[in-house]
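Coordinate inspection notes
Listed below, chain by chain, are the residues.
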Amino acid sequence: MFFLPKLCIESCFFGILTNNMMPKNNPIPFHKAAIGDEEINEVVDTLKSGWLTMGPKTIEFEKQFAEYVDVKHAVSMNSATAC
């Protein structure tokens with residue numbers, strides 16, 4: 001089953017920087033990604049499925065993301081310039 005971890009949402013909005021890259025007195029709390037076996041297994045499962053673009057995991061991600069942000073629909077894109 002596909003899942004939408006909180007880390008994914010936070011990383012999308014805040015980005016990931018190391019301590020050496022973070023400006024002093026920065027009010028935004030950046031953090032390192034905590035990637036474990038569950039996240040790695042999801043990536044491997046996706047690669048083995050042959051669906052790297054608009055596949056079943058993308059549809060499930062959009063559905064769960066829409067529920068998470070409490071909207072009727074959500075569409076995932078590769079970048080903001082894709083729309």
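Residues numbered from 1 in each chain as written. Predicted model: local features only at pLDDT ≥ 70, side-chain atom pairs only at ≥ 80, totals over all residues. Heavy atoms only, no water.

1. Some points on unusual backbone geometry
Phi angles above zero are rare outside glycine, and D70 is one such case at about 60°. When you line up the elements, D70 lands in the segment after helix 3 (56-68). For D70, a relative accessible area of 69% gives the class exposed. (Helix = DSSP H or I, 4+ residues; strand = E, 2+ residues; numbered from the N terminus. Buried < 20%, exposed > 50% of the residue type's maximum accessible area, 1.4 Å probe, protein only.)

2. Brief notes about a nonpolar patch on the surface
A cluster of nonpolar side chains, namely I35, I40 and V44, defines an oily patch on the protein surface of about 260 Å² accessible area. Mapped onto the secondary structure, I35 falls in the loop between helix 1 (6-14) and helix 2 (37-49). We classify I35 as exposed; its relative accessible area is 59%. (Patch = residues over 30% accessible without salt bridge, like charges linked within 9 Å, V, L, I, M, F, W, Y side chains within 5 Å. Areas by Shrake-Rupley, 256 points an atom, 1.4 Å probe, with all protein chains shown as cover. Salt bridge = Lys/Arg side-chain N within 4 Å of Asp/Glu carboxyl O.)

3. Examining the pattern of salt bridges
Using the criterion set out here, one finds two salt bridges in the structure. For E42, the salt bridge goes to K57, with nearest N and O atoms at 2.7 Å. Taken as a pair, E42 in helix 2 and K57 in helix 3 lie far apart in primary sequence, 15 residues in all. Accessibility expressed as a relative area gives 17% for E42, which makes it buried.

4. Some details on the packing of aromatic side chains
As enumerated under the stated definition, the model contains one aromatic pair in all. Summarising the aromatic geometry, the rings of F61 and F65 are spaced 5.9 Å apart at their centres and angled 20° between planes, so their arrangement reads as stacked. With F61 and F65 both in helix 3, this residue pair falls four residues apart, about one helical turn. (Phe/Tyr/Trp six-rings, centres within 6.5 Å; stacked < 30°, edge-to-face > 60°.)

5. Some remarks on the confidence of the model for the protein chain
With 64% of its residues at a pLDDT of 70 or more, the protein chain has an overall mean of 76. For the protein chain, per-element mean pLDDT is lowest for helix 1, which scores 48, and highest for helix 3, which scores 93. Contacts for the low-pLDDT stretch residues 9-18, under 50 throughout, to residues beyond four places or in other chains number 16 contacts. (pLDDT = per-residue confidence, 0-100. Contact = heavy atoms within 4.5 Å.)

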